[in-house]
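Spelled out, the chains give:
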Amino acid sequence: PISICWLRRDLRLDDSAALYYALKSGQPVLPLFIFDRAILDPLADRHDRRVSFIHQQLHQLQKQLTQMGSTLLVYYDEPIAVWKQVLQTFSVAAVYTNTDYETYAKQRDQRVQELLKEAGIQLHTYKDQAIFDTNEVLTGSKTPYSVFGAYQRKWKDTLTDFYVRSYPTESYFHHFHKRTAQPIPSLESMNFQEVKEDFPATQVPKEVLENYAKNRDKPALHGTTELSIHLRFGTISIRHLVQQAQAQGERFLTELIWRDFYFQILDHFPHVEHKPFRPAYEAIPWLNRSEDIERWQQGMTGYPLVDAGMRQLNQVGWMHNRARLNAASFCIKHLLIDWRIGEAYFAEKLRDYDLSANNGNWQWVAGSGNDASPFFRVFNPISQAKKFDPKEEYIRQWVPEYGTPDYPKPIIEHGFARQRAIDTYRKALRP
Ligand code: FAD
């Protein structure tokens, strides 16, 4: 019999908890990945960067595994159907996997676990994508934190070397099951087209981390790590990154703590996926004008920082955090578009789209989330641009017609929009 290590958002062979325990168990191990039809088939854009990225990554894993005389198993189907097939093909001793905190994933894993159990096979799950599991950083009364500041303090107090220690999978690589390489379904066979693009490197230049606190808010610079796609798909280990952050930057560490924070929010408060964290915010009467939605999505609002961000998103599938904040705020507050509409657009376009972080940040900007800034604080996209892009370099990079007659006039006047947002929120939230 063999053991199977089911890879999901942990597409690497180094420092992975599930893979480590699978290899160490002594049974020969085969790693498996499923292109889940339930997720992929409904995607409207068949030219999806994330699917290309995963595909690329799987080919790299396959290369590493074939060098060791082993193989990756890759299927394109619904997970239950795949597991039924796997159980018919192999004699499986146990299945190892890393925890996923999204509701869909939890339900999927539950169903697979039941199927395996009927066959007398255990599913072993491990914490891997976060430093702390969602029940490891709790308040004194053992409840989850809903405020970031307090969570962050407890997170730091709880952290010891133990939590960032790497899992030395390489010591057990000889335990991969020996088998001829199995084919990986082509993108075409799944009805996708390849996005030919260089994705960011996993190695971050030392200067980026050293100057992170100083440069992270300047969208024209390469001031952040751009590791988000790797963190999303587990092509780097969070433990490795926290070790680096401890050595090089407190500010950077804070961002990684936000990431853990939103995993635990989504896990403990799954209603946030569709509803405001604070129920009172359900009462806001959004305008949702289709012309506004369209102009916001296309980066044609006439507010250059917002437009630069949206065009960066549309063109490369990534947006600088400062621009994300402004673009989201403009969508919600200036145009009174339901945050869920903006959130869904980001979800479709972001190469680093992560339900927990995207939802948490959208709700933060909307004011309905955790630790959210008070609703009467409305980002001013003009002064934000002056402060964070003073030479208009970011703006000109993404909005080449800025300053010419071709650039649209502001879709709405800032002062008017600000007051309207405050009045609308105040009225809706009145007890
Ligand atoms: P860096 O500044 O180098 O940060 C390193 C890592 O820390 C990031 O890769 C990310 O994993 C984590 N991180 C940083 N900021 C945050 C944050 N505010 N919340 C949670 N984790 C954070 N991040 C996503 O990973 N996926 C999303 O879908 C996403 N949607 C967002 C939507 C909005 C409206 C906003 C305002 C922010 C969103 N973020 C999201 C957070 C943040 O903008 C990105 O993580 C960051 O811009 C990615 O670039 P980077 O890797 O260079 O970040």
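Residues numbered from 1 in each chain as written. Predicted model: local features only at pLDDT ≥ 70, side-chain atom pairs only at ≥ 80, totals over all residues.

The name recorded for the protein chain in an unreviewed UniProt entry is Deoxyribodipyrimidine photo-lyase, from Spirosoma validum.

A. A look at the overall build of the protein chain. Each helix and strand counted, the protein chain has 20 helices and five strands in total. Against the compact-globule benchmark of 22 Å for 431 residues, the protein chain has a radius of gyration of 23 Å, which places it among compact chains. Along the three orthogonal principal directions, the C-alpha set of the protein chain runs to about 70 × 50 × 40 Å. The buried share among the 431 residues of the protein chain stands at 40%. Counting only contacts in the protein chain whose residues sit at least 6 apart along the sequence, the fraction spanning at least 24 positions is 77%. (Helix = DSSP H or I, 4+ residues; strand = E, 2+ residues; numbered from the N terminus. Rg over C-alpha atoms; globule rule 2.2 N^0.38 Å. Buried ≥ 20, exposed ≤ 12 C-beta atoms within 10 Å, placed from the backbone. Contact = placed C-beta atoms within 7 Å.)

B. Local environment of the pairing of strand β1 (residues 2–7). Of all the six residues making up β1, five are buried; the element is thus mostly covered by neighbouring parts of the structure. By the bridge criterion, five bridges tie β1 to strand β2 (residues 29–36) in an arrangement that is parallel. Paired with Trp6 across the two strands is Leu32, which belongs to β2. (Pairing = 2+ DSSP bridges.)

C. Spatial organisation of the nonpolar core. Core analysis: the biggest nonpolar cluster contains 38 residues, and Ala327 and Cys331 have the highest contact counts within it. Put simply, the parts of the chain that give this core at least two residues each are α14 (304–316), α15 (321–334), α16 (339–349), α17 (355–366), α19 (393–398) and α20 (414–429). For this core, the element with the highest residue contribution is α15, accounting for seven residues. Once residues lying within four places of it in the same chain are set aside, the contact partners of Cys331 are Trp296, Ile337 and Gly342. (Core = buried A, V, L, I, M, F, W, Y, C linked by C-beta atoms within 7 Å.)

D. Molecular detail of the sheet that holds strand β4 (residues 92–98). Taken in spatial order, the five strands line up as β3-β2-β1-β4-β5 in an open sheet, and their pairing is parallel. Strands at the two margins of the open sheet, each flanked by one partner only, are β3 (73–77) and β5 (122–126). Neighbour to neighbour, the strand axes of the sheet diverge by 25° on average, direction disregarded. (Axes fitted to C-alpha atoms, helices over the stretch in contact; angles between N-to-C directions.)

E. Examining the UniProt feature "site: Electron transfer via tryptophanyl radical" (unreviewed entry) in the protein chain more closely. Residues given the UniProt feature "site: Electron transfer via tryptophanyl radical" (unreviewed entry) here are Trp286, Trp339 and Trp362. Structurally, the position occupied by Trp339 is in helix α16. Classification of Trp339 by C-beta neighbours within 10 Å gives buried; the count is 25. Other than its neighbours up to four places away in sequence, Trp339 contacts Ile332, Trp362, Gln363 and Ala366. When you line up the elements, Trp362 lands in helix α17. (UniProt positions renumbered as here; feature names shortened; annotations may be inferred.)

F. Spotlight on the domain arrangement of the protein chain. Looking at the protein chain, the domain boundaries give domain 1 (1–128), domain 2 (130–166 + 202–268) and domain 3 (273–425). In terms of residue count, the dominant contributor to the side of domain 1 that touches domain 3 is helix α3 (residues 49–67) (three residues). Along the lines of polarity and charge, the residues of the side of domain 1 that touches domain 3 split into two nonpolar, one polar and four charged. (Domains from an automatic or database assignment. Nonpolar A, V, L, I, M, F, W, Y, C, P; charged D, E, K, R; others polar.)

G. Highlighting unusual backbone geometry. Phi angles above zero are rare outside glycine, and Glu226 is one such case at about 55°. With respect to the helices, strands and loops of the structure, Glu226 is situated in the loop between α9 (212–215) and α10 (228–233). In this structure Glu226 comes out as partly exposed when scored by C-beta crowding, with 17 C-beta atoms within 10 Å. Its identity is not glycine, yet Asn288 carries a phi of approximately 50°, on the positive side. Secondary-structure assignment places Asn288 in the loop between α12 (250–268) and α13 (290–298). Classification of Asn288 as partly exposed rests on a count of 13 C-beta atoms within 10 Å.

H. Highlighting the packing of α14 against α15. Look at α14 against α15: their axes get within 8 Å of each other, and the N-to-C directions meet at 110°. Classed by the angle they form, the pair α14 and α15 counts as roughly perpendicular. Residues Leu305, Val306, Ala308, Gly309, Met310 and Gln312 of α14 lie in contact with α15, whose contacting residues are Ala323, Arg324, Asn326, Ala327 and Phe330. (Parallel < 35°, antiparallel > 145°, perpendicular 65-115°, else oblique.)

I. Representation of the site of the ligand in the model. Close to the ligand lie 27 residues, the nearest being Thr224, Thr225, Ser228, Asn358 and Asn361. Elements with a minimum of two residues in the shell around the ligand: α10, α12, α15 and α17. Classifying every residue of the shell around the ligand gives 13 nonpolar, six polar and eight charged. Residues lining the shell around the ligand come from more than one domain, with at least three contributed by each of domain 2 (130–166 + 202–268) and domain 3 (273–425). (Near = placed C-beta within 6 Å.)

J. Region of the structure containing α15. For α15, which comprises 14 residues, the first-to-last C-alpha distance of 19 Å matches the rise-based estimate of 20 Å (1.5 Å per residue) to within 8%. Of all the 14 residues making up α15, 13 are buried; the element is thus mostly covered by neighbouring parts of the structure. Once α15 ends, the next one or two residues include Leu336, with phi positive near 50°. (Expected span 1.5 Å × (residues − 1).)

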